[in-house]
Amino acid sequence: MSALDDAWARAERLPDAVLVAGYIVALWLVLAVVAAAVGGQQATNLAAGFVGSVTLLIGAYALLTLALNLQWGYTGLFNIGIAGFMAVGAYTTAILTAPVNPSTAGGVPGFGLPLWVGLPGGMVAAAVVGAVAALPALRLRADYLAIVTVALSEIIRLFVNWRGAAEVTYFGQTFGTGGATGIGFKSPRRVVADLVTGVGQPVVSAAQSVGVSAPNVVNIAYGLGLLVLVAASFWLLNRLVESPFGRVLKSIREDETVTQSLGKDTRLFKIKAFMIGCALMGLAGALFRGNAGYISPAQFRPTVTFYIFAALIIGGSGSNTGSILGAATFTALLFYLPARLGENLPTFGASSPGNIIDAVGPLGALNPGPLVAYVAGNVSTLRFVLIGVVLIYIVQHRPQGLLGYRNEPAASVDLSRPRADDGGETDE
Amino acid sequence: MSEPDTAEPMSATATDVPTTSDAVDAPLLEVDGLRKEFGGVTAVDGASFRVAPGSLTGLIGPNGAGKSTTFNCITGIHEPTGGTVRFDGQDVTGLAPYTLAKRGLVRTFQIARELSEMTVLENVMLAPPGQRGESATRAVLPGLREQVQEAEREVVDAAWETLDFFEIDHLAHENAGSLSGGQRKLLEMARVLSTDPEMVLLDEPLAGVNPTLEEKLLDRVDELRRDGLTFLLVEHDMDVIMRHCEHIIVMHQGQVLAEGDASTIQSDERVLEAYLGGDV
Amino acid sequence: MGIAKSVSEGRQLAVERPGVGVLAVVLLYLVADLLVKLSGTTVLAFGVPLIGGSLSTGSLLSMILDGLLVGLAVGLAGIGLSMTYSILDFANFAHGDTVTAGAFLGWVAASLTATIGADAALSERFLFDTGRQLGAASALLPILVGLVVAAIGTVAVVLLIDRLTYRPMRGADNISLLIASIGVALALRYLIAFVFGTQTSGVASSSVRFLILPGLAVTDNELALLFVSVSLMVGVHLLLQRTKLGKAMRAMADNEDLARVTGIPTGRVVRFTWILGGALAGVGGYLLVLESGTISFNFGWILLLLIFAAVIVGGIGSIYGAMAGGVLIGLVDSLALIWLPSGLTRAAAFAVLIVVLLLRPSGIFGGVSTA
């Protein structure tokens, strides 16, 4: 245990980017080991599948936790309408890029624009909706803002789900949300797949020679693409908050009245932070939920918002590094891995009974098999219980998150004393 | 002209104090008929007073006299129910705290409000006005960020100087939340003075500060006054008030009961009565 | 003079707070439109229907009945949320799942009681798989047993959760408590899913219909909901007005510091808050299932925002407000159908929630929170 603590302490002193990258690689290795243990002859391809899925999840959640960290971790804006802002981004992207003449029957026509227009369009739309919501709501106390934002996100979801918004024609242009069925559009994954099968063909061939299927190569490539976006956002957000701007955000979180008393127009700062965060949420909504080029309202229920909160709290809100670590921990260890383990848990020959009574009943005859099989069959349900318990535990015992307390000053330059020549007193 | 009648006999006895008449001639801060009600309770009930530029004016009164509410109304934390506040010749009634701070009117809080999850240095570095890097684009964009960093280096230097002066430099990298009560008071002073103010409202800045430092703080206040700063001071330590303030305003039950110099106030029976019979 | 005064006050309000003015205009329009619709005429302006349409009195009355029934149950469930919000000072996001827990406990008890001696396996009786759907008239005893178990069982669940989660955090800030409640919500919801599965089960179905007016019928299950919720609300009223504990709770809801100074035993009040709030939440959930007929592991979670709407519209901390807010939100949810397409009525209820929080965060009955 102490060796583990020691290793963790040493890891914490690494540069943050190295720490994050190392952590993600370590998670890949864990998944590869699990795949090797259960995969038999298919182990390599299974590992590639695991790694691909988890990388997509880590990338998407990291974008979302980074966005939430700017709003809540830095500025103290308790936004639990993330699902709604994801929906605005994803739907705008979808409507902008859906083909003008959809090939599938019942498909909703769109504007047929390329993704490089659609994705920024989605970000702008999410930011604008964020600003409209923020203008009146940002003066509310934190828990009221929370309720307003979650209500807004439900209104957005109900709206895109509404039959009346499914397909409309204005100024000769037909478009819409597709209602409850959803909408197909230019798949971001398709772009990556084209790259992989085109320029990346040698890589695909090499992967196939060790037993990894082409779709899994695309999966991994798409996940890595998201990680590149995460890295870019991390770099950008770190610059943003390690500055006088970030200093004001932090001080708003701590005490808005004091911040105002020191001459800062806090409303402007709050709106800016909120809009930037919402834009990033919109982008993540399109690339995560819409990765396969199809979205529907059911993907934007408020539950996803709470998973993002759980991820950020686990990592430690207020730290961009912690945000990514939290996203990785949550998605890989709490969300993805338990489900895979459950599929492969040994059940000692018992088949899973269909219900809890038939699982518990045989315990009377000292036969735990059915219960074990039932638990194994329901791990994907139980992992949410685990997530809930972890969340409670962290709030109670480790509110600073995985990394513990970290001193990450909001300044753009070195903060040590200008000249350490007086009195020989050094602070480090 | 709208001096409360209670002050009439006072100005007669205080003819030898020039600051009083200065205050009337060209006040920096002018509070006229200020009222503030919370629900049905009247906390400030028509208070009027003036503060002369460059002065150290004391604001005293028993608990519940309305001093803190008056501060809150002047600095935009509360919107007054009635009356006007003029600063530097302009009507500033009900303006937002940040607008007032930008104009040079700042305050400290009775219970020190440190930004607890920020370091002491960050607390002070927040204060300087007009920092280039407070623009999100400048903070991020290559080219512009370098300018931000250049400006920031000066902010860091100045912040260290301020911390040195207030003798909290050894705490620079500590979280402000871990400071003692007295240290928080110092931090708050350091922070508010870093905003480059014209006038500072100090709400019990000396509570919990050790005597040597207290003297040093008061010396610093005197020094800043010579540079042209104006101070309005709420303080419970009568000794400090009487020794350092050339003009003293006494509030009682939301109104100005008396004003004048130390000897005038000390010899005023109503002031004594207010304190003894006060609702402490 | 009275009217002139209120008109001028209204004008002043509209000038000072433009949001309120706009709202008043919208409400006036809706009322006028409703009256014209009932008369069956349409007023056109430049060929575009301005107001009116057609709406039969019967369908209006049945919408009102629907809204009232759902609203009463939501209001009942909302009392607990309102009390924990004001007395413990946090928004309890696990309250919806508490409602679900109560409903499951109650309906399992009802199902087991109703199928005593029936030719069915325990698992079928436990998981509502016997094909038997209960109605208040035909299965009164099982439904009463279920009602009692829903109340008592939910109290036990809530006290256990308080013990494990919130009590160790007493004194924590309200956002930490809110986050902890999100954890509780997840754990509770998926424990229910683990035990009962994720399918939707039909458990209740009315056995008798009474025709009150042409086009307006009420079922035995709806009558049961009406009767139980109204009597519980009267009961809560008496409890708050007549008993010492009730008065202490009202004082606490208003101002915890004050209550502490005046020597009301805070710990006891907090426990009683959970007991009363939990019992009412459980009963509320049970009754909602009685009315809708179906139960699933996440129905309370889906309902949570509606309960929040009721509590906030009624004013946080106000118990009567929660009841009135519940009925109001229920009516909005149901009557919005007159103006909005069916997919958007729930959105209207949430919009009311947002508007109230923005314009009048103390609730529409604002300020008079004590009771």
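Details of the structure are given in the entry above.
These figures come from a predicted structure and were not determined experimentally.

Q: Could you give an account of the packing of helix H4 (residues 82-97) of chain A against helix H13 (residues 303-315) of chain A, with specific residues and numbers?
A: Residues and elements named next belong to chain A. In contact at an axis separation of 7 Å, H4 and H13 are set at 115° when each is read in the N-to-C sense. On the basis of their axis angle, the class for H4 and H13 is roughly perpendicular. Where H4 approaches H13, its residues Ile82, Ala83 and Met86 are matched on the opposing element by Val304, Thr305, Ile308 and Phe309. Here the contact of H4 with H13 is composed, by residue class, of six nonpolar, one polar and no charged.

Q: For a nonpolar patch on the surface, give the residues involved together with the corresponding values.
A: Taken together, Val124, Val128 and Val132 of chain A make up a surface patch of nonpolar side chains, about 260 Å² in accessible area. Judged by its relative accessible area of 55%, Val132 of chain A falls in the exposed class.

Q: Summarise helix H9 (residues 211-226) of chain B; cite the residues concerned and give the values.
A: Residue and element names in this part refer to chain B. For H9, built from 16 residues, the straight-helix expectation of 22 Å at 1.5 Å per residue is met to within 8% by its first-to-last C-alpha distance of 23 Å. Among the residues of H9, Leu213, Glu214, Leu217, Leu218, Val221, Leu224 and Arg225 are the ones counted as buried. All buried residues of H9 fall inside an arc of 140° around its axis, so they share one side. Away from its buried face by more than 90 degrees, H9 exposes Thr212 and Arg226. Next to the buried residues of H9 lie strand S3 (56-60), helix H8 (181-193), strand S8 (230-234) and helix H10 (238-244). Within two residues after H9, Gly228 carries a phi angle of roughly 105°, on the positive side.

Q: Would you mind going over unusual backbone geometry in detail, with residue names and values included?
A: Residues other than glycine predominantly adopt negative phi, and peptide bonds predominantly adopt the trans conformation. Phi is positive for Phe171 of chain A, close to 50°, though the residue is something other than glycine. Mapped onto the secondary structure, Phe171 of chain A falls in the loop between strand S1 (168-170) and strand S2 (173-175). The phi dihedral of Asp89 of chain C is positive, around 60°, even though this residue is not glycine. Residue position: Asp89 of chain C is located in the loop between helix H3 (57-87) and helix H4 (95-114). Given the relative accessible area of 36%, Asp89 of chain C is considered partly exposed.

Q: Account for the interface of chain A and chain C, with residues named and values stated.
A: With 44 residues of chain A at the contact, the number on the chain C side is 46 residues. Regarding the contact of chain A and chain C, the summed buried area is about 3,900 Å², with carbon and sulfur atoms giving 82% of it. Applying the counting criterion to the chain A and chain C interface returns zero salt bridges. Put simply, chain A and chain C have four residue pairs in polar contact (both at pLDDT 80 or more) between them. For the side of chain A that touches chain C, the secondary-structure elements that each account for two or more residues are helix H5 (115-137), helix H6 (142-161), H13, helix H15 (356-360), helix H16 (369-377) and helix H17 (379-397) of chain A. Tallying contributions element by element places H6 of chain A first for the side of chain A that touches chain C, with 12 residues. Of the residues contributing to the side of chain A that touches chain C, the split by class is 32 nonpolar, six polar and six charged.

Q: How would you explain the packing of aromatic side chains if you had to name every residue and give the values?
A: Taken as a whole and judged by the stated rule, the model has 32 aromatic pairs over all chains. Both rings, one in Phe78 of chain A and one in Phe309 of chain A, keep their centres 5.1 Å apart while their planes meet at 55°; by these two values the pair is tilted. Of this pair, Phe78 of chain A sits in the loop between helix H3 (43-74) and H4 while Phe309 of chain A sits in helix H13; the two residues are 231 residues apart in sequence, bridging distant segments of the chain. Residue class for Phe78 of chain A comes out buried when judged on its relative accessible area of 0%. Grouping aromatic residues by their ring pairs yields a cluster made of Tyr61, Phe288, Tyr307, Phe330, Phe335 and Phe384 of chain A together with Tyr190 and Phe297 of chain C. Above the ring of Tyr222 of chain A, the side-chain terminus of Arg189 of chain A is found at 5.3 Å from the ring centroid. In this structure, Arg383 of chain A packs its charged tip against the face of Phe335 of chain A, placed 4.5 Å from the ring centre.

Q: Describe in detail the interface of chain A and chain B, supporting the description with residues and values.
A: Listed per partner, the contact involves 42 residues of chain A and 47 residues of chain B. Taken together, both faces of the contact between chain A and chain B bury some 3,900 Å²; the carbon and sulfur share is 58%. Three residues, Arg239, Arg247 and Leu262 of chain A, lead the burial of chain A against chain B; their summed loss comes to 17% of the area buried on that side. In this assembly, chain A and chain B are joined by six salt bridges. Among the ionic pairs, Asp255 of chain A bridges to Arg113 of chain B, the shortest N-O distance being 2.8 Å. Applying the counting rule to chain A against chain B returns 23 residue pairs in polar contact (both at pLDDT 80 or more). Ranked by residues supplied to the side of chain A that touches chain B, first place goes to helix H10 (residues 244-254) of chain A with eight residues. Along the lines of polarity and charge, the residues of the side of chain A that touches chain B split into 15 nonpolar, 11 polar and 16 charged.

Q: Tell me about the environment of Leu88 of chain C, and name the residues and values.
A: All names here are of chain C. Structurally, Leu88 is set in the loop between H3 and H4. The class of Leu88 is buried, set by a relative accessible area of 13%. As for Leu88 and Ile179, which are separated by 91 residues in sequence, their C-alpha atoms are 14 Å apart. Those residues in contact with Leu88 that lie beyond four places of it in its chain are Met83, Arg170, Leu177, Val270 and Trp274.

Q: Any details on the sheet that holds strand S5 (residues 90-91) of chain B? Residues and values, ideally.
A: Residue and element names in this part refer to chain B. Taking strand neighbours across the sheet as the criterion, the four strands line up as S2-S1-S4-S5 in an open arrangement whose pairing is antiparallel. What marks the edges here is a single partner per strand, and that holds for strand S2 (41-51) and S5. Here strand S1 (residues 29-38) runs beside strand S4 (residues 82-87); their pairing, made up of five bridges, is antiparallel. Each bridged residue has a counterpart across the sheet, and for Glu30 the counterpart in S4 is Arg86. Of the strands in this sheet, S1, S2 and S4 touch helix H3 (residues 67-74), which is tilted by about 110° from S1.

Q: Hey, could you go over the pairing of S4 of chain B for me, with residue numbers and the actual values?
A: Residue and element names in this part refer to chain B. Examined bridge by bridge, S4 and S5 share two bridges and lie antiparallel to one another. The residue of S5 that forms the bridge with Phe87 is Gln90. Hairpin geometry of S4 and S5 is characterised by an intervening segment of two residues between the two adjacent antiparallel strands and by a positive phi of about 55° at Asp88.

Q: Describe in detail the pairing of strand S5 (residues 216-219) of chain C, supporting the description with residues and values.
A: Residues and elements named next belong to chain C. Here S5 shows a buried face lined by Leu216 and Val218 and a second buried face lined by Ala217 and Thr219. Two strands pair when backbone bridges link them, and strand S4 (residues 209-213) and S5 are joined in this way by four bridges, in the antiparallel orientation. Looking at the pairing, Leu213 lines up with Leu216 of S5. If you look at the hairpin formed by S4 and S5, you'll find two residues sitting between the two strands, and Gly215 has a positive phi there, around 85°.

Q: Describe the packing of H8 of chain B against H9 of chain B, and please don't skip the residues or the numbers.
A: All names here are of chain B. Viewed as axis vectors pointing N to C, H8 and H9 meet at an angle of 15°, and their least axial separation amounts to 12 Å. In terms of orientation, H8 lies roughly parallel with respect to H9. Considering the relative orientation of H8 and H9, their crossing is left-handed. Contacts between H8 and H9 involve Leu186, Met189 and Leu193 from the first element and Leu213, Leu217, Val221 and Leu224 from the second. Grouping the constituent residues of the contact of H8 with H9 by class yields seven nonpolar, no polar and no charged.

What counts as what
- Residues numbered from 1 in each chain as written.
- Chains lettered and ligands numbered in written order.
- Predicted model: local features only at pLDDT ≥ 70, side-chain atom pairs only at ≥ 80, totals over all residues.
- Heavy atoms only, no water.
- Axes fitted to C-alpha atoms, helices over the stretch in contact; angles between N-to-C directions.
- Helix = DSSP H or I, 4+ residues; strand = E, 2+ residues; numbered from the N terminus.
- Parallel < 35°, antiparallel > 145°, perpendicular 65-115°, else oblique.
- Contact = heavy atoms within 4.5 Å.
- Nonpolar A, V, L, I, M, F, W, Y, C, P; charged D, E, K, R; others polar.
- Patch = residues over 30% accessible without salt bridge, like charges linked within 9 Å, V, L, I, M, F, W, Y side chains within 5 Å.
- Areas by Shrake-Rupley, 256 points an atom, 1.4 Å probe, with all protein chains shown as cover.
- Salt bridge = Lys/Arg side-chain N within 4 Å of Asp/Glu carboxyl O.
- Buried < 20%, exposed > 50% of the residue type's maximum accessible area, 1.4 Å probe, protein only.
- Expected span 1.5 Å × (residues − 1).
- Arc of directions from axis to C-beta.
- Buried area = accessible area lost by both parts, 1.4 Å probe.
- Polar contact = N/O pair within 3.5 Å; in protein donor to acceptor, adjacent residues only side chain to side chain.
- Phe/Tyr/Trp six-rings, centres within 6.5 Å; stacked < 30°, edge-to-face > 60°.
- Lys NZ or Arg CZ within 6 Å of the ring centre and 35° of its normal.
- Pairing = 2+ DSSP bridges.
- Left-handed = near helix turned anticlockwise from the far one by under 90°.

Limitation: the analysis is restricted to geometry and does not speak to function.
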